[in-house]
Amino acid sequence: MREIIRLRMSLMSDVSVGPVSYVAAPPLRWSMPRPVVAITAALIAVMAAILASPDATIAARAQSDAELVLLLRFMAGVKALMALAALGAVVWRLGYPASPVLSAAYVLAPALMVAAPLLIWQIAPTALGAGLFHGGLALLLLALFADRGQASELVRRTLLVRRTA
């Protein structure tokens, strides 16, 4: 009899004190694959940048200084190439497990970087475009720094698999 009481007491002490709904709930999961979320966020940012049209004073100033427009559009092209490279790297990285905070940073960073060249190309608010690009680049570098151990290991494994294949 005493053994049964001890067994019940030990079972009662192992029971969780949280509500049943908390214990039984499955962990949160993305409804879409994370690479698709990153591409979708980048496309939404592109559409928002396209819809931002320059006002008449900016358009008139752009007409008066053709060399400046040429320089800004060249810079926008270079920034677009860098943003697409960052988007490709992020899509590859999100194909592997990452924490929710890192995933959010990885999704947001290239979206900001992709929208910026379009704003600069339109000679719209050029300072806003530069701020978006450099903010996205800083966010991407911070995410890579926070993820440095796992990201470098994924790169090593991927290169090793490709060398042996």
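Predicted, not measured: the structure shown is a model, and the values here were computed from it. (Residues numbered from 1 in each chain as written. Predicted model: local features only at pLDDT ≥ 70, side-chain atom pairs only at ≥ 80, totals over all residues. Heavy atoms only, no water.)

Caption draft 1: The arrangement of helix α8 (residues 148–164) in detail. Its 17 residues give α8 an end-to-end C-alpha distance of 24 Å, which sits within 8% of 24 Å, the value for a rise of 1.5 Å per residue. For α8, the full list of buried residues reads A151, L154 and T158. All buried residues of α8 lie within an arc of 60° about the axis, which places them on one face of the element. Away from its buried face, by an angle of more than 90 degrees, α8 presents the exposed residues G149, R156, L160, R163 and T164. (Helix = DSSP H or I, 4+ residues; strand = E, 2+ residues; numbered from the N terminus. Expected span 1.5 Å × (residues − 1). Buried < 20%, exposed > 50% of the residue type's maximum accessible area, 1.4 Å probe, protein only. Arc of directions from axis to C-beta.)

Caption draft 2: Summary view of the side chain of K79. Among the secondary structure elements, K79 is positioned in helix α5 (residues 66–93). Setting aside residues no more than four positions away along its own chain, K79 makes contact with P117, I120, F133 and H134. (Contact = heavy atoms within 4.5 Å.)

Caption draft 3: Representation of the nonpolar core. Counting residues in each nonpolar core, the largest one holds 20 residues, and the members touching the most others are V90, L94, Y106, M113 and L140. Put simply, the parts of the chain that give this core at least two residues each are α3 (34–51), α5, α6 (100–121) and α7 (126–146). The biggest single contributor to this core is α6, with eight residues. Here L94 is in contact with R34, P35, A38, S103, Y106 and V107, once residues within four sequence places are set aside. (Core = buried A, V, L, I, M, F, W, Y, C linked by side-chain atoms within 4.5 Å.)

Caption draft 4: Structural view of α5. Taking 1.5 Å as the rise per residue, α5 with 28 residues should run 40 Å; its terminal C-alpha atoms sit 40 Å apart, in good agreement. Within α5 the residues assigned to the buried category are V69, L72, A76, K79, A83, A86, L87, V90 and R93.

Caption draft 5: Summary view of the pattern of salt bridges. For the coordinates displayed, the defined rule picks out three salt bridges. With a closest N to O distance of 2.7 Å, D147 and R93 form a salt bridge. Of this pair, D147 sits in the loop between α7 and α8 while R93 sits in helix α5; the two residues are 54 residues apart in sequence, bridging distant segments of the chain. In this structure D147 comes out as buried when scored by relative accessible area, which is 4%. Taking the shortest distance from any N to any O, the salt bridge between E153 and R156 comes out at 3.0 Å. One end of the pair, E153, and the other, R156, are both in helix α8, three residues apart, so they sit about a helical turn from each other. (Salt bridge = Lys/Arg side-chain N within 4 Å of Asp/Glu carboxyl O.)

Caption draft 6: Structural view of the confidence of the model for the protein chain. Across the protein chain, the average pLDDT comes to 80, with 74% of residues at 70 or higher. When the criterion is pLDDT under 50, residues 11–28 qualifies, and its contacts beyond four places in sequence or with other chains add up to two contacts. (pLDDT = per-residue confidence, 0-100.)

Caption draft 7: Spatial organisation of the packing of α3 against α6. At a minimum axis separation of 8 Å, α3 and α6 run at an interaxial angle of 30°. Classified by the angle between their axes, α3 and α6 sit roughly parallel to one another. Considering only the axes of α3 and α6, their crossing is right-handed. Residues R34, V37, A38, A41, A42, A45, V46, A49 and I50 of α3 lie in contact with α6, whose contacting residues are S103, V107, A111, V114, A115, L118 and L119. Among the residues making up the contact of α3 with α6, the classes are represented as 14 nonpolar, one polar and one charged. (Axes fitted to C-alpha atoms, helices over the stretch in contact; angles between N-to-C directions. Parallel < 35°, antiparallel > 145°, perpendicular 65-115°, else oblique. Left-handed = near helix turned anticlockwise from the far one by under 90°. Nonpolar A, V, L, I, M, F, W, Y, C, P; charged D, E, K, R; others polar.)

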